[in-house]
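Here is how the chains run, residue by residue.
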Amino acid sequence: MQNTLNLSVTGMHCGSCVRRVTTALEAVPGVQVQSVEVGLAHVAFDPDKATPQEIAASINRIGFQASIQ
Ligand code: 9UX
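Residues numbered from 1 in each chain as written. Predicted model: local features only at pLDDT ≥ 70, side-chain atom pairs only at ≥ 80, totals over all residues. Heavy atoms only, no water.

### Regarding helix α1 (residues 15-26)
In a regular helix each residue adds 1.5 Å, so 12 residues correspond to 16 Å; α1 covers 16 Å between its end C-alpha atoms and thus fits that length. Every buried residue belonging to α1 is among C17, V18, V21, T22, A24 and L25, and all of these are buried. Relative to the axis of α1, the buried residues are bounded by an arc of 165° and lie together on one face. Opposite the buried face of α1, by more than 90 degrees, sit the exposed residues R19, T23 and E26. Where α1 is buried, its residues contact β2 (31-37), β3 (40-45) and α2 (52-60). (Helix = DSSP H or I, 4+ residues; strand = E, 2+ residues; numbered from the N terminus. Expected span 1.5 Å × (residues − 1). Buried < 20%, exposed > 50% of the residue type's maximum accessible area, 1.4 Å probe, protein only. Arc of directions from axis to C-beta. Contact = heavy atoms within 4.5 Å.)

### Details of the site of the ligand
H13, C14, S16, C17, R20 and F64 make up every residue found near the ligand. Contact between the ligand and R20: an oxygen atom at 2.9 Å from a side-chain N or O atom of the residue. (Near = heavy atom within 4 Å. Polar contact = N/O pair within 3.5 Å; in protein donor to acceptor, adjacent residues only side chain to side chain.)

### With respect to α2
Taken together, the buried positions of α2 are occupied by I55, A56, S58 and I59. Take α2 and look down its axis: the buried residues cluster within an arc of 150°, on one side only. On its buried face, α2 sits against β1 (3-10), α1, β2, β3 and β4 (65-68).

### Some remarks on the pairing of β2
Regular strands place their side chains on alternate faces of the sheet. Sheet analysis places β2 next to β3, joined by 6 bridges and oriented antiparallel. What sits directly across from S35, in β3, is H42. Where β2 hands over to β3, the hairpin turn is made up of 2 residues, of which G39 adopts a positive phi near 95°. (Pairing = 2+ DSSP bridges.)

### Considerations on the sheet that holds β1
Paired through backbone hydrogen bonds, the strands of a sheet run either parallel or antiparallel to each other. Read from one edge of the open sheet, 4 strands run β2-β3-β1-β4, paired in antiparallel fashion. Of all strands in the sheet, those bounded by a partner on one side alone are β2 and β4. Across the sheet, the mean angle separating the axes of adjacent strands is 25° when strand polarity is ignored. Taken together, the 4 bridges between β1 and β4 define a ladder with antiparallel strand orientation. Each residue of the ladder has a partner; that of S8, found in β4, is S67. Lying on the sheet, α1 is in contact with β2 and β3; it crosses β2 at an angle near 170°. Strand contacts of α2: β1, β2, β3 and β4, with the helix running at about 160° to β4, the strand carrying the most contacts. (Axes fitted to C-alpha atoms, helices over the stretch in contact; angles between N-to-C directions.)

Structure, rendered in structure tokens:
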């Protein structure tokens with residue numbers, strides 16, 4: 001079962017940020033990155049493996065501020 005999650009992300013300003021956020025999200029078990037652009041991330045995830053809060057935390061941990069939409 002896959003759920004989807006949209007996150008708004010502040011602190012992103014360039015393509016390097018996009019790569020950093022993508023890498024952080026891909027490291028979370030159960031998460032599949034659908035798209036990341038400056039300010040926004042869209043992922044699919046297995047709710048048995050990850051929670052929206054954990055997914056947001058993976059972004060916050062590297063210095064951005066993610067908000068669950
Ligand atoms: Mo771009 Mo992002 O100059 O963490 S790398 S703003």
